[in-house]
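# Observations on the model geometry
The lines below spell out each chain.
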Amino acid sequence: MDHEGPHKGGTIETRASWVVACVALAVLSLSYGAPLVTVVALKPIAAEFGTTRSAPALAVSLTYIGSGMGGIVMGWIAGQIGMRRVAFVCGLMIALGLVLASFGGLYQLYASNLLLIGLLGSAGMFSPMMAYVTSWFDRHRGSAIALVSSGQYVAGAIWPLLLQLGVDELGWRQTMRLYALVIALTIPPLAAIFFRRPPELALHSSTTAPALAFVPVTGIPPNVVQAMLAGAIFCCCVTMSIPLAHIVAYCSDIGIGPRPGAAMLSLQLAAGVVAQQIWGWVADRLGGLRTILFASAGMAVAMSGFLLTQNEIGLFSVSAVFGLAFGGLIPGYILAIREIFPASEATWRIPLVLFPGSLGMAAGGWMAGLIYDGWGFYAPAFLAGIGFNLANFVLL
């Protein structure tokens, strides 16, 4: 895992770079499974607590809020003490949050998701991890970002069906405890073994010429560009979160059942995993901003599909298209930040632009729950998602 100054071909990339990227993918795939326990168990949790569906959905939203808020600070901390220590401790916090949530009521579920799973747990995973991994690459940065950021979708492809089985057989509380054990036994050891100082920081004033040197946007102040990207990612993440958070409950409502709904959630995220690798290749050639535009257009088309069919085969098809579309969004935003701003600012600019994305994921899931509670069906929520996606286009 050691790196040795400038490498062959004037690049900092080595085999160790891809090993780190694959381990980062594994860590994110595990950490993003934590809020999926609540997503899968949305109806039984609401039934047990005697609340509407928006109440447990708020717990998932609080995870995203805590993760986004803490990501800015965790990114700075990771820049000071290293990603290894941050990921080690944050993995333990996620496990602790799941255990505490499994033993309490609704407000303990809220506190655990906001503070432990979100603010002190997942906050140290996605945004700081993205900044960390980009420092291992210069030639294939878009492809590396696509690979690692697909951890959320890998989690969604693997865990919902397994968690649904756990909830059906053991109940949501015991399933949470078992998943906490999985987190505690995997993330801290992986972080301790593989996360070392990246070559871009170790070389500091490298003589290599990065293939993705930054190019500021002319005529617009840098912080205004940052704010526009932040607004755009908020809007697109509101749209993205609605089917992800509610597809299981939606399928249950229209008579298809929760297990096919969980399979659709897995399909959306599995398609996102495949699509991200393609989008990463595209982003290395077209750049981050063009990638965001094309992916957003695809997501608008897919969201319209949820309004046009309640057929099981149709919903599976729309779910696949939806996953293929949104797979390009997060890599596009991260790459855009690295293209527009200098590398020295990545550790705080990447978390700062991803934080509104977390707010968007939180707002979208919660908003859809409120709309459902008010209207009694999901079509108005899907329409609202399309509206936010149009706002994303305007900002870009």
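Quick look at the structure, then. The model shown is predicted, which means the values in this text are computed figures rather than measured ones. (Residues numbered from 1 in each chain as written. Predicted model: local features only at pLDDT ≥ 70, side-chain atom pairs only at ≥ 80, totals over all residues. Heavy atoms only, no water.)

### What to know about the overall build of the protein
Regarding its fold elements, the protein presents 18 helices and zero strands. For 396 residues, the compact-globule estimate of 2.2 N^0.38 gives 21 Å, and the protein sits close to it at 20 Å. A principal-axis box enclosing the C-alpha atoms of the protein has dimensions of 60 × 40 × 35 Å. Counting only residues that meet the buried cut, the protein has 58% of its 396 residues in that class. Carbon together with sulfur atoms contributes 70% to the accessible area of the protein, which is approximately 14900 Å² in total. (Helix = DSSP H or I, 4+ residues; strand = E, 2+ residues; numbered from the N terminus. Rg over C-alpha atoms; globule rule 2.2 N^0.38 Å. Buried < 20%, exposed > 50% of the residue type's maximum accessible area, 1.4 Å probe, protein only. Areas by Shrake-Rupley, 256 points an atom, 1.4 Å probe, with all protein chains shown as cover.)

### Description of the nonpolar core
If you look at the biggest cluster of nonpolar residues, it comprises 124 residues, and the most contacted ones within it are M129, V133, F195, M240, M299, F322 and F326. Considering each element in turn, this core owes the most residues, 15 residues, to helix α12 (residues 222-253). Setting aside anything within four residues of it in sequence, one finds F195 in contact with V20, V23, A24, V27, M83, R84, A87, M129, Y132 and L190. (Core = buried A, V, L, I, M, F, W, Y, C linked by side-chain atoms within 4.5 Å. Contact = heavy atoms within 4.5 Å.)

### Focus: helix α3 (residues 42-49)
Of all the residues in α3, the buried ones are L42, I45 and A46. Down the axis of α3, the smallest arc covering the buried residues is 100 degrees, so these residues share one side. Directly after α3, the chain includes G50, whose backbone phi takes a positive value near 65 degrees. (Arc of directions from axis to C-beta.)

### A look at helix α17 (residues 346-375)
Across its 30 residues, α17 extends 43 Å between first and last C-alpha, which sits within 8% of the 44 Å expected from 1.5 Å per residue. Downstream of α17 by a residue or two, G376 has a phi angle that is positive, lying close to 85 degrees. (Expected span 1.5 Å × (residues − 1).)

### Considering the environment of L58
One can find L58 in helix α4 (residues 54-81). For L58, a relative accessible area of 23% translates into the label partly exposed. In this structure, the C-alpha to C-alpha distance between L58 and L114, residues 56 residues apart in sequence, is 9.9 Å.

### Looking at the packing of helix α1 (residues 15-31) against helix α8 (residues 141-149)
For the pair α1 and α8, interaxial distance at closest approach is 8 Å and the crossing angle is 30 degrees. With respect to their mutual orientation, α1 and α8 come out roughly parallel. Along its contact with α1, which presents W18, A21, C22, A24, L25 and L28, the element α8 presents S143, A144, L147 and V148. For the contact of α1 with α8, the class distribution of residues is nine nonpolar, one polar and no charged. (Axes fitted to C-alpha atoms, helices over the stretch in contact; angles between N-to-C directions. Parallel < 35°, antiparallel > 145°, perpendicular 65-115°, else oblique. Nonpolar A, V, L, I, M, F, W, Y, C, P; charged D, E, K, R; others polar.)

### Description of the side chain of N389
Inspection of the secondary structure assignment puts N389 in helix α18 (residues 379-395). Residue N389 is classed as buried on the basis of its relative accessible area, which comes to 0%. A distance of 3.1 Å separates a polar atom in the side chain of N389 from the backbone oxygen of S296. Look past the residues within four positions of N389 in its chain and what remains in contact with it is C235, T239, S296, M299 and A300. (Polar contact = N/O pair within 3.5 Å; in protein donor to acceptor, adjacent residues only side chain to side chain.)

### Describing the pattern of salt bridges
Counted by the stated rule, this structure contains two salt bridges. The salt bridge partner of R173 is E48, with a shortest N-O separation of 2.7 Å. Linking R173 in helix α10 (residues 172-194) with E48 in helix α3, this pair joins segments that are 125 residues apart in sequence. Here D168 and R259 are joined by a salt bridge, their closest N and O atoms 2.9 Å apart. (Salt bridge = Lys/Arg side-chain N within 4 Å of Asp/Glu carboxyl O.)

### Quick notes on the packing of aromatic side chains
If you walk through the whole model with that rule in mind, you get 15 aromatic pairs. Centroid distance W18 to F137: 4.7 Å. Interplanar angle 70 degrees. Geometry classified as edge-to-face. Placement of the pair is W18 in helix α1 and F137 in the loop between α7 (126-134) and α8, with a sequence separation of 119 residues. Residue classification places W18 among the partly exposed positions, given a relative accessible area of 31%. Judged by centre distance (5.5 Å) and plane angle (85 degrees), the ring pair of Y250 and F382 falls under edge-to-face. (Phe/Tyr/Trp six-rings, centres within 6.5 Å; stacked < 30°, edge-to-face > 60°.)

### Describing a nonpolar patch on the surface
Together, F88, V89 and L92 make up an exposed nonpolar region whose accessible area comes to about 230 Å². The exposure class assigned to L92 is partly exposed, which follows from its relative accessible area of 36%. (Patch = residues over 30% accessible without salt bridge, like charges linked within 9 Å, V, L, I, M, F, W, Y side chains within 5 Å.)

### Regarding the packing of α4 against α17
At a closest axis distance of 8 Å, the pairing of α4 and α17 adopts a crossing angle of 175 degrees. Overall, the two elements α4 and α17 adopt an arrangement that is roughly antiparallel. Looking at the contact of α4 with α17 residue by residue, the classes come out as 14 nonpolar, nine polar and one charged.

### Some points on the side chain of S31
The residue S31 is located in helix α1 in this model. The class for S31 is buried, based on a relative accessible area of 2%. In contact with S31, other than residues within four places in its own chain, are I94, S122, M125, I183 and I187.

### Describing the state of the cysteines
If you walk through the whole model with that rule in mind, you get zero disulfides. Residue C237 stays outside any disulfide, its sulfur separated by 4.2 Å from that of C236, the closest cysteine. (Disulfide = S-S within 2.5 Å.)

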